[in-house]
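Notes for the structure review
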2 protein chains.
Amino acid sequence: MQTLTVELGERSYPIHIGRGLLDDPQRFAPHIRGQRVMIVTNETVAPLYLDRLKATLSGFLVDTVILPDGEEYKNLETLNRIYTALLEGRFDRRSTLVALGGGVVGDITGFAAASYQRGVDFLQVPTTLLSQVDSSVGGKTGVNHPLGKNMIGAFHQPRCVVIDTDTLNTLPDRELHAGIAEVIKYGLICDRPFFEWLEEHMEGLLAREPGTLAYAIHRSCQDKAQVVAEDERESGRRAILNLGHTFGHAIETGMGYGVWLHGEGVAAGMVMAARMSRRLGWIDDGELTRTEALVRAAGLPCAPPPELSPDRFMQLMSVDKKVLDGQLRLVLLRGIGEAVVTAEFDPRALEETLVEVGRMKDAGS
Amino acid sequence: MQTLTVELGERSYPIHIGRGLLDDPQRFAPHIRGQRVMIVTNETVAPLYLDRLKATLSGFLVDTVILPDGEEYKNLETLNRIYTALLEGRFDRRSTLVALGGGVVGDITGFAAASYQRGVDFLQVPTTLLSQVDSSVGGKTGVNHPLGKNMIGAFHQPRCVVIDTDTLNTLPDRELHAGIAEVIKYGLICDRPFFEWLEEHMEGLLAREPGTLAYAIHRSCQDKAQVVAEDERESGRRAILNLGHTFGHAIETGMGYGVWLHGEGVAAGMVMAARMSRRLGWIDDGELTRTEALVRAAGLPCAPPPELSPDRFMQLMSVDKKVLDGQLRLVLLRGIGEAVVTAEFDPRALEETLVEVGRMKDAGS
């Protein structure tokens with residue numbers, strides 16, 4: 001087992017990474033203050049891991065909420081099901097919520113914890129690669145609104161994150177690939193040596209070699225933790241973590257939540273950001289080619305779906321949270337391992353990029 | 001104009017109290033960071049003050065959401081109307097929400113600000129006595145759930161509070177009285193000289209003498225600010241602000257939101273707390289009599305509605321946010337001006353108090 005600490009002063013917390021951690025009470029118990037625990041999970045994950053986690057937490061009074069599975073359920077209505085279960089069970093302020101599942105379960109449970117009785121504790125037990133390398137660090141919680149993704153939420157840090165890498169054995173290939181998109185992102189935005197390591201080890205990741213996966217997860221969390229520690233509330237540099245996300249969210253929203261996986265949107269979005277950076281002359285052809293090749297090697301889409309016209313893209317991107325006073329800011333590349341957040345780009349480069357990718361054929365997920 | 005600063009480190013903010021402040025742009029402009037402002041108000045307040053406030057804020061791009069009026073609309077559905085308006089209007093993270101109205105508008109707008117894009121700024125313009133002396137200080141925001149009042153929310157401090165005492169001229173008597181309940185509360189929990197001042201000046205308050213009202217508002221905010229500054233997140237002493245609220249919330253929830261006004265529930269709840277404190281021998285007959293007399297002089301109920309049986313009370317109180325690990329904590333009195341939060345009381349004193357007030361005749365609101 002490896003342990004990483006996310007340093008956030010009095011809100012610091014550990015991330016434990018290793019095999020079989022789901023069965024180890026010592027990873028959980030020290031972080032649960034009261035007697036009452038509510039595990040929130042979904043219909044896919046519950047049959048696989050719920051009983052094991054309940055057994056591990058048998059020293060507490062444990063209740064369960066099982067949500068439907070899918071990004072399309074990450075909304076206020078599903079959130080309200082958690083509130084109702086907590087209130088019906090008379091859960092008080094010293095209760096602890098445990099999110100067992102992927103990013104949707106983690107985000108919605110985190111926001112329920114942030115807002116139930118104005119804030120209770122929660123633990124994360126992410127069971128998908130994407131949630132392990134993304135939602136484990138940063139404290140972003142929330143739900144979607146029909147008009148925009150993650151538009152409702154809060155910053156709320158977990159007390160602890162437990163990543164049992166064995167849970168990846170049950171993950172469908174498509175979701176494994178989607179998780180790798182976020183892993184590649186860390187290399188691209190701030191860790192060129194990791195990008196190069198990924199170029200070497202993509203086969204091992206796709207073959208789910210435990211050591212390779214554990215290393216990629218640990219390094220991703222470390223990279224993210226460093227960026228977050230510098231800027232917890234996302235007033236500046238932290239926004240580089242959104243490389244590919246403004247484009248990606250537009251794809252997800254435009255296609256309807258759940259049609260494209262989040263990681264797939266981010267993958268296509270990262271290549272779009274690289275293309276635009278190339279167009280601006282900020283990276284060279286070789287860097288663009290390597291970016292695209294790594295995304296493709298991970299079995300991920302390199303272009304958005306042809307259904308989304310450039311105009312539709314612009315419209316969808318205008319509600320992005322990085323828009324300030326009406327000005328669109330994008331995360332772009334100054335090189336592999338060096339991302340910047342900026343509104344200072346020639347708008348024609350964006351338009352031309354949207355037109356260019358609209359003509360590409362290898363879209364689709 | 002008087003100005004009070006709520007001292008909360010980098011979240012400190014001013015409360016301006018005076019006549020005609022609604023027309024003074026300088027009370028607002030320094031606290032608005034971007035160009036976009038969304039005023040949230042309700043159907044009752046909008047015809048009275050919305051145009052004036054819009055004129056005052058004419059230097060900004062101002063939109064409006066008008067909600068239905070009443071505690072029964074303080075829920076997730078109404079909250080979602082604010083999110084939708086913000087998203088339809090393409091409001092970004094640098095936007096400012098302005099709550100123009102009473103406690104319901106303030107609480108729901110504050111929570112919308114706390115959770116829209118994970119947090120934007122908001123200003124409070126409370127137009128009822130209750131909201132002026134209660135929601136102005138403390139940063140509590142939220143909505144109700146059918147199973148419990150204020151069960152969903154966040155701590156989120158406003159950038160500024162503007163109290164125009166002239167707005168009280170349009171307040172119905174019943175709501176004026178309900179506001180005075182919270183004013184009396186400050187005397188009871190931590191400010192015996194203020195309690196005595198209120199015994200002297202209740203007539204002036206009821207007659208809406210501007211100077212008397214302004215003094216009562218200023219002193220109430222000052223008392224509350226002091227308690228909150230000591231304990232922003234309500235881990236301890238701050239809970240004394242809930243004197244009468246555990247009983248009062250049970251009355252509100254039990255009768256259906258909106259049937260009893262919040263202040264009316266608190267009034268009856270404070271007398272219940274005083275009765276129970278008397279039963280425990282913590283205050284004497286004279287203190288109980290003075291408490292009841294002051295509540296009555298303000299035109300407020302001294303007992304709960306006869307519909308609520310002791311059993312129903314216990315059931316309703318068991319979801320209170322002050323319950324910890326299943327143990328009910330109450331705010332009780334050790335004297336006029338001295339409240340304590342405690343779970344250490346003889347449970348029979350609670351039962352007997354509920355039975356006693358159940359037999360009283362002057363209930364009703």
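Remember, predicted model here, so these are calculated numbers, not experimental data.

**Quick look at the UniProt feature "domain: 3-dehydroquinate synthase N-terminal" (unreviewed entry) in chain A**
Under the present numbering, the feature "domain: 3-dehydroquinate synthase N-terminal" (unreviewed entry) in UniProt falls on residues 65–177 of chain A. Measuring from the first to the last C-alpha atom of residues 65–177 of chain A gives 28 Å, for a span that is 32% helix and 30% strand.

**Details of the interface of chain A and chain B**
Between chain A and chain B, the contact holds 38 residues from the first and 38 residues from the second. Taken together, both faces of the contact between chain A and chain B bury some 3700 Å²; the carbon and sulfur share is 55%. At the boundary of chain A and chain B, one finds zero salt bridges. Between the two partners, chain A and chain B, sit 12 residue pairs in polar contact (both at pLDDT 80 or more). When contributions to the side of chain A that touches chain B are tallied by element, the ones reaching two or more residues are helix H2 (76–88), helix H3 (103–115), strand S7 (140–145) and strand S8 (148–155) of chain A. Residue classes in the side of chain A that touches chain B are distributed as 14 nonpolar, 13 polar and 11 charged.

**Some words on the relation of the copies chain A and chain B**
Between the two copies of the chain lies a rotation about an axis combined with a shift along it. Laying chain A over chain B is done by rotating through 180° and shifting 0.0 Å along the axis; what remains is an RMSD of 0.0 Å. The superposition operator between the copies reduces to a two-fold rotation axis. Taking the C-alpha atom as reference, chain A places Leu 76 of chain A closest to the rotation axis, 3.9 Å from it. A shared binding surface is used by both copies, with 100% of the interface residues of chain A retained as interface residues in chain B.

**Overview of the sheet that holds strand S2 (residues 13–18) of chain B**
Residues and elements named next belong to chain B. Taken together, seven strands build an open sheet; the order of strands is S1-S2-S9-S6-S5-S3-S4 and the sheet is mixed. The open sheet has two free edges, formed respectively by strand S1 (2–6) and strand S4 (61–67), since each of these has just one partner strand. Neighbour-to-neighbour, the strand axes of this sheet turn through a mean angle of 20°, independent of strand direction. By the bridge criterion, five bridges tie S1 to S2 in an arrangement that is antiparallel. By the bridge assignment, Gln 2 is partnered in S2 with Ile 17.

**As for the state of the cysteines**
The tally for this structure, following the rule as stated, stands at zero disulfides over all chains. Here Cys 221 of chain A is not disulfide-linked; the sulfur of Cys 160 of chain A is the nearest cysteine sulfur, at 12 Å.

**Let's talk about H2 of chain A**
All names here are of chain A. Between its first and last C-alpha, H2 extends 18 Å over 13 residues, near the 18 Å set by a 1.5 Å rise per residue. All of the buried residues along H2 are Leu 76, Thr 78, Leu 79, Ile 82, Tyr 83, Leu 86 and Leu 87. Directly after H2, the chain includes Arg 90, whose backbone phi takes a positive value near 55°.

**Thoughts on unusual backbone geometry**
Although it is not a glycine, Arg 208 of chain A adopts a positive phi angle of roughly 60°. Note on placement: Arg 208 of chain A falls in the loop between helix H6 (192–206) and helix H7 (210–230).

**Structural notes on the environment of Val 137 of chain A**
Residues and elements named next belong to chain A. Here Val 137 shows up in the loop between helix H4 (129–133) and S7. Val 137 sits in the buried class, given a relative accessible area of 2%. A C-alpha to C-alpha distance of 27 Å links Val 137 and Gly 256, two positions 119 residues apart in sequence. Apart from the residues within four sequence positions on either side, Val 137 is in contact with Val 6, Tyr 13, Ile 15, Cys 221, Lys 224, Ala 225 and Val 228.

**A closer look at the packing of aromatic side chains**
Aromatic rings in a pair are described by how distant their centres are and how their planes are angled relative to each other. All told, the structure shown has eight aromatic pairs over all chains when counted by the stated rule. Measuring from ring centre to ring centre gives 4.6 Å for Trp 197 of chain B and Tyr 215 of chain B, while their planes differ by 45°; the resulting arrangement is tilted. Of this pair, Trp 197 of chain B sits in helix H6 (residues 192–206) while Tyr 215 of chain B sits in helix H7 (residues 210–230), placing them 18 residues apart in sequence. What links up through ring pairs into an aromatic cluster is the set Phe 194, Trp 197 and Tyr 215 of chain A. Taking NZ or CZ as reference, Arg 118 of chain B lies 6.0 Å from the ring centre of Phe 155 of chain A, over its face. Over the ring of Trp 282 of chain B we find Arg 334 of chain B, and its NZ or CZ is 3.8 Å from the ring centre.

**Notes on the pairing of strand S11 (residues 338–342) of chain A**
Note that strand S10 (residues 330–335) of chain A and S11 of chain A share five bridges and pair antiparallel. Bridge pairing in S11 of chain A places Leu 330 of chain A opposite Thr 342 of chain A.

**Concerning empty space enclosed by the protein**
Residues and elements named next belong to chain B. This model, assessed by the stated rule, comprises five cavities of 30 Å³ or more. What lines the second largest cavity is simply Arg 19, Thr 165, Asp 166, Asn 169, Arg 208, Pro 210 and Leu 213. In this structure, the lining of the second largest cavity is formed jointly by two domains, domain 1 (2–170) and domain 2 (173–358), each of which donates at least three residues.

**Points about the nonpolar core**
Membership of the largest hydrophobic core comes to 77 residues, with the highest contact counts inside it found for Ile 15, Ile 184, Phe 247, Phe 313 and Leu 350 of chain A. Considering every element that reaches this core, the biggest residue donor is helix H9 (residues 262–279) of chain A, with nine residues. Residues from two domains meet in this core; each of domain 1 (2–170) and domain 2 (173–358) of chain A gives at least three. Aside from chain neighbours lying at most four places away, what touches Leu 350 of chain A is Phe 247, Met 276, Met 314, Met 317, Leu 328, Leu 330 and Phe 345 of chain A. Grouped together as the second largest cluster of nonpolar side chains are 75 residues, Ile 240, Trp 260, Val 295 and Leu 308 of chain B included.

**Overview of helix H12 (residues 347–358) of chain A**
All names here are of chain A. Over its 12 residues, H12 extends 17 Å from the first C-alpha to the last, a length consistent with the 16 Å expected when each residue adds 1.5 Å. Where H12 is concerned, the buried positions are Ala 349, Leu 350, Thr 353, Leu 354 and Val 357. Projected down its long axis, H12 shows its buried positions confined to an angular sector of 135°, all on one face. For H12, the side-chain oxygen to backbone nitrogen distance between the N-cap and Arg 348 is 2.9 Å, and the N-cap itself is Asp 346.

**A few points about the sheet that holds strand S6 (residues 121–126) of chain A**
Residue and element names in this part refer to chain A. Within the open sheet, the seven strands sit side by side as S1-S2-S9-S6-S5-S3-S4. Their pairing is mixed. Both edges of this open sheet fall to strand S1 (2–6) and strand S4 (61–67), since each of them pairs with a single strand only. Strand-to-strand, the axes of this sheet are offset by a mean angle of 20°, without reference to chain direction. For S6 and strand S9 (residues 160–164), the ladder comprises two bridges, and the chain directions are parallel. Along S9, the bridge assignment pairs Gln 124 with Val 161. Together, strand S3 (36–42), S4, strand S5 (96–101) and S9 form the strand contacts of helix H1 (residues 46–56), whose direction differs from that of S3 by roughly 165°. Taken strand by strand, H2 contacts S3, S4 and S5, and its axis lies near 155° from that of S4.

**Topic: the domain arrangement of chain A**
All names here are of chain A. Domains assigned within chain A are domain 1 (2–170) and domain 2 (173–358). The centre of domain 1, based on its C-alpha atoms, is set 25 Å off from the matching centre of domain 2. Taken together, the contact between domain 1 and domain 2 spans 34 residues of the former and 36 residues of the latter. For the domain 1 and domain 2 pair, buried surface summed over both sides reaches about 3000 Å², with 65% attributable to carbon and sulfur atoms. If you sort the residues of domain 1 by the area they bury against domain 2, Leu 129, Val 133 and Lys 149 come out on top, with a joint share of 20%. Linking domain 1 with domain 2 are two salt bridges. One salt bridge connects Lys 224 with Asp 134, and the closest N-O pair in it is separated by 2.9 Å.

About the thresholds
Residues numbered from 1 in each chain as written. Chains lettered and ligands numbered in written order. Predicted model: local features only at pLDDT ≥ 70, side-chain atom pairs only at ≥ 80, totals over all residues. Heavy atoms only, no water. UniProt positions renumbered as here; feature names shortened; annotations may be inferred. Helix = DSSP H or I, 4+ residues; strand = E, 2+ residues; numbered from the N terminus. Contact = heavy atoms within 4.5 Å. Buried area = accessible area lost by both parts, 1.4 Å probe. Salt bridge = Lys/Arg side-chain N within 4 Å of Asp/Glu carboxyl O. Polar contact = N/O pair within 3.5 Å; in protein donor to acceptor, adjacent residues only side chain to side chain. Nonpolar A, V, L, I, M, F, W, Y, C, P; charged D, E, K, R; others polar. Least-squares fit on C-alpha atoms with pLDDT ≥ 70 in both. Pairing = 2+ DSSP bridges. Axes fitted to C-alpha atoms, helices over the stretch in contact; angles between N-to-C directions. Disulfide = S-S within 2.5 Å. Expected span 1.5 Å × (residues − 1). Buried < 20%, exposed > 50% of the residue type's maximum accessible area, 1.4 Å probe, protein only. Phe/Tyr/Trp six-rings, centres within 6.5 Å; stacked < 30°, edge-to-face > 60°. Lys NZ or Arg CZ within 6 Å of the ring centre and 35° of its normal. 1 Å grid on protein atoms, 1.4 Å probe; cavity = no way out; pocket = protein on both sides within 12 Å on 5 of 7 lines; lining within 4 Å. Points joined across faces, edges and corners; volume = space filled by probe spheres on them. Domains from an automatic or database assignment. Core = buried A, V, L, I, M, F, W, Y, C linked by side-chain atoms within 4.5 Å. Arc of directions from axis to C-beta.

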